[in-house]
Amino acid sequence: MADGPRLNSCVPIPKDIEQLKDVIEKAKDWALMHGVGIRNKKEFNPDALQIVPFTFFPSAFPRKEFEKAVKIQPILNELIHRVAFCHSFLEENLKDTIQVDEFTGNLYKIYETVRQEGINPTNSLGVLRSDYLLDHPDCDKIKQVEINTISTSLSAMGFVVAQLQRFILQELGHYDKLKNLPENRALEGVCGGLIEAWKLFKNPKAVILMVIEDVVYNICDQRFHEFRISELSPKTRVIRRTLTDLAQRATLDADKNLIIDNEVVAVVYYRSAYEPLQFHSQKEWDARLLAERSSAIKCPSIHYHLAGTKKVQQALARPGAVEQFFSDPEKVTAVRDVFTGLYSLDFDELGEDAVKKAIEKPERYVLKPQREGGGNNIYGEKIRDVITKIKGSRERTGWILMDRIVPPVQENIIIRASQPAARTDTVSELGIFGIIIGDSNEIIYNKQVGHMLRSKESTADEVGVSAGFGAMDSPYLY
Ligand SMILES: Nc1ncnc2c1ncn2[C@@H]1O[C@H](COP(=O)(O)OP(=O)(O)OP(=O)(O)O)[C@@H](O)[C@H]1O
Ligand SMILES: [Mg+2]
């Protein structure tokens, strides 16, 4: 990947990081003792944690662009909400994709089923995260990578890593730098949204159901949410069950309440159900449908899930699409300003053009299937191979093509468990959290609640921390 321009690190990184040895050791212990942790994927042990990869110093990020991202989050929340409740938009733009992408097809079937049953959608809770990279050539403008609507994680990690880096700067005597670390209330904000949804259900005995993966690695981020909810609202209980647990034991009562293990569910909060492997059989799909039919507030509801697909993101980037949802030209401009080029691979003139461009200059693009969770996109020369393979088949309409964003590079030190600290060139990706609650008639809650930053070696393609690529970070505003 071509490197973007260079940014100065927030403090000069010493050539010989041996001199930081004491503070690195101390920082690692701080991390473990404050839950900057993850379970070991190779040797899974539910009784042990290891440190989440993190950058030693916060990464420089332009204040102006940070503030822009914060400011537009409520507009993006509103856009996703409106798209999710716009049947014609979802239908029109997903009709080809659901024929060739089985996973999105299955989601759509659930959507269609509840729609045809005339189930009045209860309030939806959106815990959204819009991700950005600073773009080439000047790297002074944020461009949206995507907006996540399901299982958006790391609001807790983002918060605690900022505290860790604050501690490190203090230990090294950089007190003057601390003022440039923005306050981050992401964890509290996401928990606040969940509690608000729980209150709307109006049954104090009902629980928040966190739907989890069979094996959870990113345990700290999840548990931090449970613990903070308990602090903020002591009577709100959170239970954890897998999709398979739901498949085996969840039922609906006569009032469509979702019941599992004798608990009435107020809010279904998915930290799973975003990728095919999490659905072992039809039974898990049935469970997702059951939850959707229930009176519980879903986070996300099936239509929010569909609104977060990459195909919908691409459709929204087409001329005139955002305008369909906002009459206020300022909102349209603000949203359009952060979009980068997105192209369909449909069998039409634009699609053919995209195929041609990607084969000619694959390094300029990222090729994406309808997947979440990281590690599925195609980069560089491989794009040419994949497109050449699929260009004659209908399968290609399940993919989208996106301009590759080339962010600026800066030096930092990445700390990973069981590896020596390494001074390296990194690039950073900002995520802004938004909470939205509403139904087809009205939006009753719409907020920007905080941020997180992830960084990776500048040579890596992706930044997912749970997926094993990136490192947690926090912004140093300049
Ligand atoms: N257009 C792009 N230009 C440069 N890098 C990109 C681009 N799109 C994606 N990436 C990189 O790949 C990562 C994963 O991409 P994306 O968010 O589209 O996939 P995902 O599977 O939905 O990931 P996540 O689990 O983080 O939601 C991004 O976080 C970013 O680092
Ligand atoms: Mg995603």
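Look up a bit, the structure's there.
In this text, all values refer to a predicted model and were calculated from it rather than measured experimentally.

Draft legend 1. View of the coordination of the magnesium ion (ligand 2). Protein-derived ligands of the magnesium ion (ligand 2) are Glu146 (OE), Asn148 (OD1) and Glu372 (OE), with the metal-ligand distances lying across 1.8 to 2.0 Å. Along the chain, the residues donating to the magnesium ion (ligand 2) are arranged with the sequence spacing E-x1-N-x223-E. Placement of the pair is Asn148 in strand S6 (residues 142-148) and Glu372 in the loop between strand S14 (365-368) and strand S15 (378-379), with a sequence separation of 224 residues. Owing to a relative accessible area of 14%, Glu372 belongs among the buried residues under this scheme.

Draft legend 2. Inspection of the environment of Gly320 at higher detail. In this fold, Gly320 is placed in the loop between helix H12 (310-316) and helix H13 (329-338). Assessed through its relative accessible area of 37%, Gly320 is described here as partly exposed.

Draft legend 3. Structural detail: the side chain of Ser59. Relative to the helices and strands, Ser59 resides in strand S4 (residues 59-61). By relative accessible area, Ser59 is classed as buried at 0%. A polar contact of 3.4 Å, which involves the side chain of Ser59, links it to the side chain of Asn412. Looking at Ser59, its side chain comes within polar contact range of the side chain of Asp473, at 2.5 Å. Leave out the neighbours within four places in its chain, and Ser59 touches Gln410, Asn412, Ser428, Leu453, Ser455, Asp473, Ser474, Pro475 and Tyr476.

Draft legend 4. Local environment of the pattern of salt bridges. Throughout the structure, instances matching the rule amount to 39 salt bridges. Between Arg396 and Glu352 there is a salt bridge, with its nearest N and O atoms 3.0 Å apart. One end of the pair, Arg396, is in the loop between helix H15 (381-390) and strand S16 (400-403); the other, Glu352, is in helix H14 (residues 349-360), and 44 residues separate them in sequence. Under the relative-accessibility criterion, Glu352 is labelled partly exposed at 39%. Linked through salt bridges whose partners overlap, the residues forming this network are Lys64, Glu65, Lys68, Lys141 and Asp337.

Draft legend 5. Examining a nonpolar patch on the surface more closely. Taken together, the side chains of Leu32, Met33 and Leu49 present a nonpolar region at the surface, about 310 Å² in accessible area. Within the secondary structure, Met33 is located in helix H1 (residues 21-33). Taking the relative accessible area as the measure of exposure, Met33 reaches 70% and is therefore exposed.

Draft legend 6. Main features of the site of ligand 1. By nearness alone, 23 residues border ligand 1, and Glu146, Lys310, Lys368, Glu372 and Glu429 come closest of all. Within the backbone of Gly373, a nitrogen or oxygen atom sits 3.0 Å from an oxygen atom of ligand 1. Separating an oxygen atom of ligand 1 from a side-chain N or O atom of Lys456 is a distance of 3.3 Å. At the level of secondary structure, the elements contributing two or more residues to the shell around ligand 1 comprise S6, S14, S16 and strand S19 (443-457). A per-element tally of the shell around ligand 1 places S6 first, with three residues. Of the residues in the shell around ligand 1, the class split is seven nonpolar, four polar and 12 charged. Both of domain 1 (17-340 + 405-477) and domain 2 (341-404) provide at least three residues apiece to the shell around ligand 1.

Calculation criteria
Residues numbered from 1 in each chain as written. Chains lettered and ligands numbered in written order. Predicted model: local features only at pLDDT ≥ 70, side-chain atom pairs only at ≥ 80, totals over all residues. Heavy atoms only, no water. Donors = N, O, S within 2.8 Å, 3.2 Å for Na, K, Ca; no water. Helix = DSSP H or I, 4+ residues; strand = E, 2+ residues; numbered from the N terminus. Buried < 20%, exposed > 50% of the residue type's maximum accessible area, 1.4 Å probe, protein only. Polar contact = N/O pair within 3.5 Å; in protein donor to acceptor, adjacent residues only side chain to side chain. Contact = heavy atoms within 4.5 Å. Salt bridge = Lys/Arg side-chain N within 4 Å of Asp/Glu carboxyl O. Patch = residues over 30% accessible without salt bridge, like charges linked within 9 Å, V, L, I, M, F, W, Y side chains within 5 Å. Areas by Shrake-Rupley, 256 points an atom, 1.4 Å probe, with all protein chains shown as cover. Near = heavy atom within 4 Å. Nonpolar A, V, L, I, M, F, W, Y, C, P; charged D, E, K, R; others polar. Domains from an automatic or database assignment.

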